[in-house]
Amino acid sequence: MTSTSDADSENVGLPDLLGALVMFPAVLAHELTHAAVAWPWIEATRPSDLVDRLVPPRLELNYPAGTPVVIVVVANLAPTIVGALLAPFVIPWAFGLEVPLMAYVFGAWALYTWPSADDLAVLSALF
């Protein structure tokens, strides 16, 4: 996820907090997907070594020198790949829900699936 400046983090109000709580499950799932795919290659002895911040959730994955570039790319794009593979199941299922719940499901799925600037940074470093 993108980072905010210190001034922005000091001006967090109730709407920001409620928004963070509503999006927490999707963002946490997004970050955990990165960690699950990268786990065999990252330098971490326990999951708590990965936590950069909790709200909104952000993990910091450190790869050892010599890690294949394809592993880093796949790990960075893992939520996008998984979200795209789930689209044929999520979309028809969500349309059968009540409108408020359907809106939440689509929002959470999009938030899970859409790559962050940090996720795409590895691609820009390659080209």
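Residues numbered from 1 in each chain as written. Predicted model: local features only at pLDDT ≥ 70, side-chain atom pairs only at ≥ 80, totals over all residues. Heavy atoms only, no water.

The chain has the name DUF3267 domain-containing protein in an unreviewed UniProt entry, where Halogeometricum borinquense is given as its organism.

Regarding the nonpolar core
With seven residues, the main nonpolar core is built from Ala 35, Ala 38, Ile 42, Leu 50, Leu 59, Leu 61 and Ala 75. If we ignore the near neighbours within four places in the chain, the residues touching Leu 61 are His 34, Ala 35, Ala 38, Ile 42 and Leu 50. (Core = buried A, V, L, I, M, F, W, Y, C linked by side-chain atoms within 4.5 Å. Buried < 20%, exposed > 50% of the residue type's maximum accessible area, 1.4 Å probe, protein only. Contact = heavy atoms within 4.5 Å.)

Describing the UniProt feature "transmembrane region" (unreviewed entry) in the chain
Residues annotated by UniProt as "transmembrane region" (unreviewed entry) correspond here to residues 63-87 and 93-114. The span residues 63-87 carries 76% helix and 0% strand; its end-to-end C-alpha distance comes to 30 Å. In residues 93-114, helix accounts for 82% and strand for 0%; the two terminal C-alpha atoms are 19 Å from one another. (UniProt positions renumbered as here; feature names shortened; annotations may be inferred. Helix = DSSP H or I, 4+ residues; strand = E, 2+ residues; numbered from the N terminus.)

Re the packing of aromatic side chains
This structure, assessed with the given rule, holds one aromatic pair. Taken together, a centroid distance of 5.3 Å and an interplanar angle of 65° make the contact between Phe 95 and Phe 106 edge-to-face. Linking Phe 95 in helix H3 (residues 69-95) with Phe 106 in helix H4 (residues 99-113), this pair joins segments that are 11 residues apart in sequence. (Phe/Tyr/Trp six-rings, centres within 6.5 Å; stacked < 30°, edge-to-face > 60°.)

Comments concerning the environment of Ala 26
Within the element layout of this structure, Ala 26 appears in helix H2 (residues 14-38). Given a relative accessible area of 8%, Ala 26 falls into the buried group. Each C-alpha atom, one on Ala 26 and one on Pro 57, is 9.7 Å from the other, the two residues being 31 residues apart in sequence. Once you skip the residues sitting within four places of it in the chain, Ala 26 turns out to touch Ala 108, Leu 111 and Tyr 112.

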